Amino acid sequence: MLIAVTAALAAADMTPGTPWRHLYLVPVVFAGLRFGVAGGVVAALGAVLAFGPFVLREIEGHGPTRAAAEGIVTLAVLTIAGAAVGSLAARARRQRERYDALRAVQRALADPATLELTATRLASIVKQRLRAEAAGLVLENGRVVAGADHVHPRSPAAYVMAHREPMFVTDAGAGPRARRAVVVPLTSMDETVGVLAVERAGDFSREERDALAGFGAAMGLALDNARLAARQRRFAEELELKVSQATARLAEMDRLKSDFVALASHELRTPLTALQGFSELLATRPFAPAEVRRLAEIMRGEIERLGRIVSDFLDLARLERGLALSIRRAVLDPAPVIAAAVELFRRTRTSHRVELHVDGALPHVDADADALDRVLKNLIGNALKYSPPGSCIRVRARAADGVVTVDVEDEGPGIPPEERALIFEPYYRTRGTAALGPGTGLGLSVVKSLVEAHGGTVHAEAGSTTGTRMTVMLPALP
Amino acid sequence: MYAITDPWIPPRRSLLAGMPLPLLVVLGLLTATAGALAAAELLPLTPARAVGAGAAQGALLATAVTWTQSRPRSRTAPAMAAAVVFVGAVGATLPAFAAIAYLVAPVWLWTQRCKLPGLGLTRPPIGMCVAGAALGTLLGAHLLLTASLTLGYGVRVATPAHLVSWLAYDAGANVLTTEAFFRGALFDRAQRRWPFAMASTLVTVVCLARYLVDPLLPHSLEVMAGAVFYLTLLSVANCWMYWRSGSIVPGVVAGVAFFICYRLLYVLS
């Protein structure tokens, strides 16, 4: 059409002021609408080249006439029209593309996915829709989920993360072609949840930058939602795990209680049977005084055992009701209490050796003497119960760093490491102890409660050679 | 990705920062001296013009080299750039084929291309070079057509000696220094600050000024109008080709093609 118009103007030998010159606008406007800025500019260039000679000839032939001026204005109008129409058409197309991109973003957000997957999808959509060469996404914790593998602390992304305002870098990198980078914060409820960075060689128009800022808000909300959803999922999983563990624990407690009822019946019946038998013997048969004393000693031991079991039951009942054990604390020298407990077992349990080592003078403690006695007797009694005859039970007391420590170490089979923390639970008995002697599984839980009531700790560990070392630590008085 | 992994470096202070002012002053003094000597008829006009053109074009190339050389910056490279252009200009005053001396500048630039990473001496896509040649030829043909049909100029057939000297002058001095400074240096800086439209407009205006103040250009109205018309198109197109390719080679090709056509014109007596 340019050629046709030019040929017609030339054939008619028209001046640059002819109204027919406006026909050049038709192909220029059409090319601008159809092909955008490039099309409009090229068509305008063609029109200028075609119409220019008419203007130049007028200037050369007649000087700066009105027709020449009109021709110059026409050249300017053609150039501006080509660029402006092309620009407007391109802007309208970009606007449509932005709506498409926004729709694509919203579609991506509608799909349930992990935070990383959502972020990667969003970066990919932005890169594709904005014809960017690179798109990257950094989350608020500095984790890069797309576009790079680390964040430089002085990078535009780090700056935007810190200052929460978009950044337009007109010279991104040192390549031969100028690259632009746009970095926008991803915001949600006035919080920055990350940044989006987009780069390409070529310009980013103001509209594109504004659109990216809009994307940033939408994506920030989406990422926040994805993060909340992920947190909710994690919370649900943790809750499920905890409920499962609690259920298993309740089932285990139930089993242990059932076992305990059976065991307690047995434990109570055994001394009662012994008492019943020995008392019947004493009532029905004459015995020598020495034999009477021996039987009475046996009966006393069984009564003590009954008493201990009943005490443990009562303590456990208090603990399960959430009540503290009744203790009467006073300033106490622990050394005589320890020595008395060891001496009692030395006299009554001759099948084992019970050794006491006290390292230096022990400081006083704020404790209930009866409670401390129960703790020590329970630990030494357990050590004797589970150690082979002839073996040695070592009780060692020492003070250091404001703490009085008492170790009771035996040479028994030991406690598996995975069970050492469980032995202080009520009703719990290790897998190997049931065959080694009677017990309710309450003693160590009562020991733990008593020690903790004094502000101390108790724990089990492997012995120095074999067996187990139980350690009680009580705070010393200054 | 730059925006995430690289530290942000704020833009330079000024668009024209880092000009080799002492060297430009020396070249200016040289031109002024040659002009004064010619005015006093102590120096013939031809060598005086050669000195002036060589100094002006040398100033353009020296500035371009100063702005675009890599670190550590060489103190001698800008002076060397001005010197090779100046040698070419002075050499051209000797017998016809001595214009080959103009080719010293492109040869020197070629040897220095690794030290001038920002000057756009990279190898461009073939398509861009073809586009440059087509554009220069189109504008040149249009100029020939317009001038011969409407402005009363004639078109002559160039002899090989003329063609060689024109080619050497344009490729080694006129177009080369123009593209090196206006595209490789000035536009490169401008495009890293502003959008293409603003950067190309600025560079085109300055480039037009460079040609319009050139004393070798006839100062008649139609020639000035033609110069504005064609050089505007050529400059904008060269900016676009540099913008797309990052190389000044397509612009040099377009410029050489156009100016060869331009030199085929002569005024009908």
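Residues numbered from 1 in each chain as written. Chains lettered and ligands numbered in written order. Predicted model: local features only at pLDDT ≥ 70, side-chain atom pairs only at ≥ 80, totals over all residues. Heavy atoms only, no water.

Trainee: Before we go on, may I ask you to explain the sheet that holds strand 2 (residues 144-146) of chain A in this structure?
Mentor: What holds strands together in a sheet is hydrogen bonding between their backbones, with the strands either parallel or antiparallel. Residues and elements named next belong to chain A. An order of 2-1-5-4-3 is seen for the five strands of this open sheet, with the pairing classed as antiparallel. Of all the strands in the sheet, just strand 2 and strand 3 (167-169) have a single pairing partner and so form its edges. Across this sheet, the average inter-strand angle for adjacent strands is 20°, counted without regard to direction. (Pairing = 2+ DSSP bridges. Helix = DSSP H or I, 4+ residues; strand = E, 2+ residues; numbered from the N terminus. Axes fitted to C-alpha atoms, helices over the stretch in contact; angles between N-to-C directions.)

Trainee: Explain the environment of Ser445 of chain A to me, please; I cannot follow it from the model alone.
Mentor: Locating Ser445 of chain A in the fold gives a position in helix 10 (residues 443-453). The contacts of Ser445 of chain A, once residues within four sequence positions are left out, are Leu316, Phe424, Glu425 and Pro426 of chain A. (Contact = heavy atoms within 4.5 Å.)

Trainee: So what exactly am I meant to see when it comes to helix 1 (residues 2-11) of chain A here?
Mentor: One turn of the α-helix equals 3.6 residues, which is why residues spaced by three or four share an orientation. Residues and elements named next belong to chain A. Those residues of helix 1 lying buried are Val5, Thr6 and Leu9. Relative to the axis of helix 1, the buried residues are bounded by an arc of 95° and lie together on one face. Residues of helix 1 that are exposed and point more than 90 degrees away from the buried face comprise Ile3 and Ala11. The elements touched by buried residues of helix 1 are helix 2 (25-62). (Buried < 20%, exposed > 50% of the residue type's maximum accessible area, 1.4 Å probe, protein only. Arc of directions from axis to C-beta.)

Trainee: Honestly, the nonpolar core in this entry has me stumped. Any pointers?
Mentor: A general feature of soluble globular proteins is that nonpolar side chains tend to end up buried together. Grouped together as the largest cluster of nonpolar side chains are 81 residues, with contacts concentrated most on Tyr24 of chain A together with Leu109 of chain B. Summarising the domain contributions, this core has at least three residues from each of domain 1 (17-115) and domain 2 (126-267) of chain B. Residues in contact with Leu109 of chain B, not counting those within four places in the same chain, are Leu61, Val65, Leu116, Leu119, Leu121 and Leu176 of chain B. Leu332, Leu362, Leu444 and Ala460 of chain A belong to the second-largest nonpolar core, a separate cluster that totals 40 residues. (Core = buried A, V, L, I, M, F, W, Y, C linked by side-chain atoms within 4.5 Å. Domains from an automatic or database assignment.)

Trainee: Where do I start with the packing of aromatic side chains in this structure?
Mentor: Pairs of aromatic rings are described using the distance from one ring centre to the other and the angle between the two planes. Residue and element names in this part refer to chain B. Applying the stated rule across the entire model yields 14 aromatic pairs over all chains. Summarising the aromatic geometry, the rings of Phe187 and Tyr242 are spaced 5.9 Å apart at their centres and angled 85° between planes, so their arrangement reads as edge-to-face. Of the two residues, Phe187 sits in helix 7 (residues 160-191) while Tyr242 sits in helix 9 (residues 221-245), which places them 55 residues apart along the sequence. Across this residue pair, the class does not change: Phe187 and Tyr242 are buried. Here the aromatic rings of Phe229 and Tyr230 are separated by 4.9 Å at their centres, their planes lie at 90°, and the arrangement is edge-to-face. (Phe/Tyr/Trp six-rings, centres within 6.5 Å; stacked < 30°, edge-to-face > 60°.)

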